[in-house]
Amino acid sequence: GKPAGPCELDECTDGDGKACQEAGQACVDGDKTAEGNFVCTCTRPGEAGSATGARADCTLDECVTEGPDACEAHNQTCADADHTVDGNYVCSCVSPRVGTA
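Calculation rules
Residues numbered from 1 in each chain as written. Predicted model: local features only at pLDDT ≥ 70, side-chain atom pairs only at ≥ 80, totals over all residues. Heavy atoms only, no water. Salt bridge = Lys/Arg side-chain N within 4 Å of Asp/Glu carboxyl O. Buried < 20%, exposed > 50% of the residue type's maximum accessible area, 1.4 Å probe, protein only. Pairing = 2+ DSSP bridges. Helix = DSSP H or I, 4+ residues; strand = E, 2+ residues; numbered from the N terminus. Axes fitted to C-alpha atoms, helices over the stretch in contact; angles between N-to-C directions. Disulfide = S-S within 2.5 Å.

Participant: For this particular structure, what's the right way to read the pattern of salt bridges?
Facilitator: Under the defined criterion, the tally for this structure stands at one salt bridge. Across the pair Glu 47 and Arg 44 runs a salt bridge whose closest N-O atoms are separated by 3.9 Å. Here Arg 44 falls in the partly exposed class, since its relative accessible area comes to 45%.

Participant: Mind showing me how you'd approach the sheet that holds strand β1 (residues 26–28) here?
Facilitator: In any sheet, the strands associate via hydrogen bonds between backbone groups, in a parallel or an antiparallel arrangement. In space, the three strands of this open sheet follow the order β1-β2-β4, with antiparallel pairing throughout. The open sheet has two edge strands with one neighbour each: β1 and β4 (50–52). Averaged over all pairs of adjacent strands, the angle between their axes in this sheet comes to 15 degrees, without regard to strand direction. Pairing analysis gives three bridges linking strand β2 (residues 39–41) to β4, with the strands arranged antiparallel. Looking at the pairing, Val 39 lines up with Thr 52 of β4.

Participant: Teacher, can you tell me more about the state of the cysteines here?
Facilitator: Here, the word disulfide means a covalent bond between the sulfur atoms of two cysteines. Enumeration according to the criterion identifies five disulfides in this entry. Paired through a disulfide, Cys 42 and Cys 58 show a sulfur-sulfur distance of 1.9 Å. Sign of the S-S torsion, about -95 degrees for the bond between Cys 42 and Cys 58, identifies this disulfide as left-handed. Taken together, the positions of Cys 42 in the loop between β2 and β3 (47–48) and Cys 58 in the loop between β4 and β5 (59–60) put the pair 16 residues apart, joining distant regions of the chain. A relative accessible area of 31% means that Cys 58 is categorised as partly exposed. Of note for the protein chain: the bonded cysteines, numbered N- to C-terminal, pair according to 1-3, 2-4, 5-6, 7-9, 8-10. Cys 93 forms no disulfide, and the closest cysteine sulfur to it belongs to Cys 91, at a distance of 9.1 Å. Given the relative accessible area of 28%, Cys 93 is considered partly exposed.

Participant: Mind showing me how you'd approach the environment of Lys 18 here?
Facilitator: Locating Lys 18 in the fold gives a position in helix α2 (residues 18–22). Residue classification places Lys 18 among the partly exposed positions, given a relative accessible area of 37%. Through-space distance from the C-alpha of Lys 18 to that of Cys 63 is 30 Å; in sequence the pair is 45 residues apart.

By themselves, these figures tell us nothing about what the structure is for.
Structure (structure tokens):
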């Protein structure tokens, strides 16, 4: 006989990539013949980030999640300068009005 060819493993369903899905992240294993090459990607609204071979460290743009209710509903703009810190988004009045919160 001869070898069956390259052995494949979908790490997203049968390997370490399951940790992506357990964290609510998307997992893609583009080369099922190699190990450790799966990619986890953040998928929740306002999140960004991806990692190869591990769960992603997701950052959150609170202007996507909090801004519409907290700022935009009151005709204010939203800015989130540091997506790694929770609760630091800033609502600002639109000119000619002034003020931030």
